[in-house]
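Here is what each chain is made of, one letter per residue.
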Amino acid sequence: MNFKTLRLDNLDQNVPITKESYAKDLKKFQLGLLNLQLRIKESKRSVIIVIEGPDAAGKGGAIKRTLERLDPRLVRVYSTQKPTPEEYRHHYLWRFWNKLPPYGEIAVFDRSWYGRVLVERVEGFATEAEWKRAYAEINEMERTLTDDGAILIKLFLQVSKTEQLKRFKERQADPYKHWKINEEDWRNRRKWKQHNAAAEEMFCRTSTKNAPWTVIPGDFKWHARVEFAKTVYEKVAKEFPEIKSTRTKV
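In this text, all values refer to a predicted model and were calculated from it rather than measured experimentally.

Draft legend 1. Geometry of the sheet that holds strand 2 (residues 75-79). The five strands lie next to each other as 2-3-1-4-5, forming an open sheet whose pairing is parallel. Across the chains shown, the open sheet's two edge strands, defined by having one partner strand only, are strand 2 and strand 5 (213-217). Between one strand axis and the next, the sheet turns by 20° as a mean value, whatever way the strands run. Pairing between strand 1 (residues 47-52) and strand 4 (residues 151-158): six bridges, direction parallel. Along strand 4, the bridge assignment pairs isoleucine 48 with leucine 152.

Structure, rendered in structure tokens:
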């Protein structure tokens, strides 16, 4: 993907799939990851999955479906929230270091250190000098991790502005989903163009050979979930080419 010319609003969202294909493909990649999990456990490798994207893009659903068949003892999911007073007293990367997975395990960051160049940049929570230098800080951190053997997978789920509004309204109307929508979501929506511009620059500045970004269209949830699981599976499988039987089956 050429990130220099990528415009998120122009991303092709017309990628529907059938229910049958969704169920078949998802099961296939879930099984593939389960088979790989044992190899990860026995190795001096870890898997770090970073997922970013606008509100209601389907990040939670993609994470759940991808991981639900794995051994939960070897997987951790972190939903990044506003820093605590203690975390504010440290460099912004400090709160992520102690959540990085030990060898043999998997960690998923639902929003991550990229908040510095995304929401913190747009909302003014970080100064211009702070978010501009963050690109180099993040690249160096990620290079340190991958040099040590970590498999770093970075995914961005993008939903269209029209589809996001539809999902926001559905959440407001559903008493079981009220917790998924708040004023902060609407505030972020009002700055849609600024958030897209920040993400597009982020891709150009931080999609590296050792830690590239993958952008997934999110309007069709079934497609997004399959692509999410497929990307995770393929990137991990690439690091264990000796497992030919698993890769042949999937």
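Still more ground to cover, so stick around.
Draft legend 2. Region of interest: the pattern of salt bridges. Using the criterion set out here, one finds 20 salt bridges in the structure. For the salt bridge of arginine 187 with glutamate 123, the shortest nitrogen-to-oxygen distance reads 3.6 Å. In this pair, arginine 187 sits in helix 8 (residues 183-190) while glutamate 123 sits in helix 5 (residues 119-123), placing the two residues 64 residues apart along the sequence. We classify glutamate 123 as buried; its relative accessible area is 16%.

Draft legend 3. Highlighting the nonpolar core. Membership of the largest hydrophobic core comes to 34 residues, with the highest contact counts inside it found for Ile48, Trp113, Tyr114 and Phe203. In terms of residue count, the dominant contributor to this core is helix 6 (residues 128-147) (six residues). In this structure phenylalanine 203 touches Phe3, Leu6, Leu8, Phe156, Trp213 and Val215, once residues within four positions along its chain are discounted. In terms of nonpolar packing, the next biggest core, distinct from the first, is built from 32 residues, Ile63, Ile151, Leu155 and Phe240 among them.

Draft legend 4. Region of interest: unusual backbone geometry. The residue alanine 56 is not glycine, and still its phi comes out positive at about 65°. As for its position among the elements, alanine 56 is in the loop between strand 1 and helix 2 (59-67). Taking the relative accessible area as the measure of exposure, alanine 56 reaches 6% and is therefore buried. Unusually for a residue other than glycine, arginine 111 sits at a positive phi of about 75°.

Draft legend 5. Representation of the packing of helix 2 against helix 10 (residues 221-238) within the structure. Where helix 2 meets helix 10, the closest approach of the two axes is 9 Å, and the angle between their N-to-C directions is 55°. With respect to helix 10, the element helix 2 is oriented oblique. Both helix 2 and helix 10 take part in a crossing whose hand is right-handed. Of the residues in helix 10, those touching helix 2 at Gly61, Ala62, Ile63, Arg65 and Thr66 are Arg225, Phe228 and Ala229. Of the residues contributing to the contact of helix 2 with helix 10, the split by class is four nonpolar, two polar and two charged.

Draft legend 6. Highlighting the side chain of arginine 171. Relative to the assigned elements, arginine 171 resides in helix 7 (residues 161-173). Buried and unpaired, arginine 171 has aspartate 185 as its nearest opposite-charge partner, separated by 5.3 Å. Beyond its immediate stretch of four places on either side in the chain, arginine 171 contacts Ala56, Lys177, His178, Lys180 and Ile181.

Draft legend 7. Structural view of a positive patch on the surface. Together, Lys64, Lys177, Lys180 and Lys221 make up a region of like positive charge exposed at the surface. Among the structural elements, lysine 180 can be located in the loop between helix 7 and helix 8. Since its relative accessible area comes to 32%, lysine 180 is described here as partly exposed.

Draft legend 8. Structural detail: the pairing of strand 3 (residues 106-110). Strand 3 sits mainly inside the fold: five of its five residues count as buried. With burial as the criterion, each face of strand 3 is covered, one bearing Ile106, Val108 and Asp110 and the other bearing Ala107 and Phe109. Two strands pair when backbone bridges link them, and strand 1 and strand 3 are joined in this way by five bridges, in the parallel orientation. The partner of valine 47 across the bridge, within strand 3, is isoleucine 106. Pairing geometry for strand 2 and strand 3, over five bridges, is parallel. Across the sheet, the residue bridging to tyrosine 78 is phenylalanine 109, located in strand 3.

Calculation notes
Residues numbered from 1 in each chain as written. Predicted model: local features only at pLDDT ≥ 70, side-chain atom pairs only at ≥ 80, totals over all residues. Heavy atoms only, no water. Pairing = 2+ DSSP bridges. Helix = DSSP H or I, 4+ residues; strand = E, 2+ residues; numbered from the N terminus. Axes fitted to C-alpha atoms, helices over the stretch in contact; angles between N-to-C directions. Salt bridge = Lys/Arg side-chain N within 4 Å of Asp/Glu carboxyl O. Buried < 20%, exposed > 50% of the residue type's maximum accessible area, 1.4 Å probe, protein only. Core = buried A, V, L, I, M, F, W, Y, C linked by side-chain atoms within 4.5 Å. Contact = heavy atoms within 4.5 Å. Parallel < 35°, antiparallel > 145°, perpendicular 65-115°, else oblique. Left-handed = near helix turned anticlockwise from the far one by under 90°. Nonpolar A, V, L, I, M, F, W, Y, C, P; charged D, E, K, R; others polar. Lys, Arg positive; Asp, Glu negative; His and termini not counted. Patch = residues over 30% accessible without salt bridge, like charges linked within 9 Å, V, L, I, M, F, W, Y side chains within 5 Å. Areas by Shrake-Rupley, 256 points an atom, 1.4 Å probe, with all protein chains shown as cover. Charge placed at Lys NZ, Arg CZ, Asp CG, Glu CD.

Scope: geometric values only; no functional claims are made or implied.
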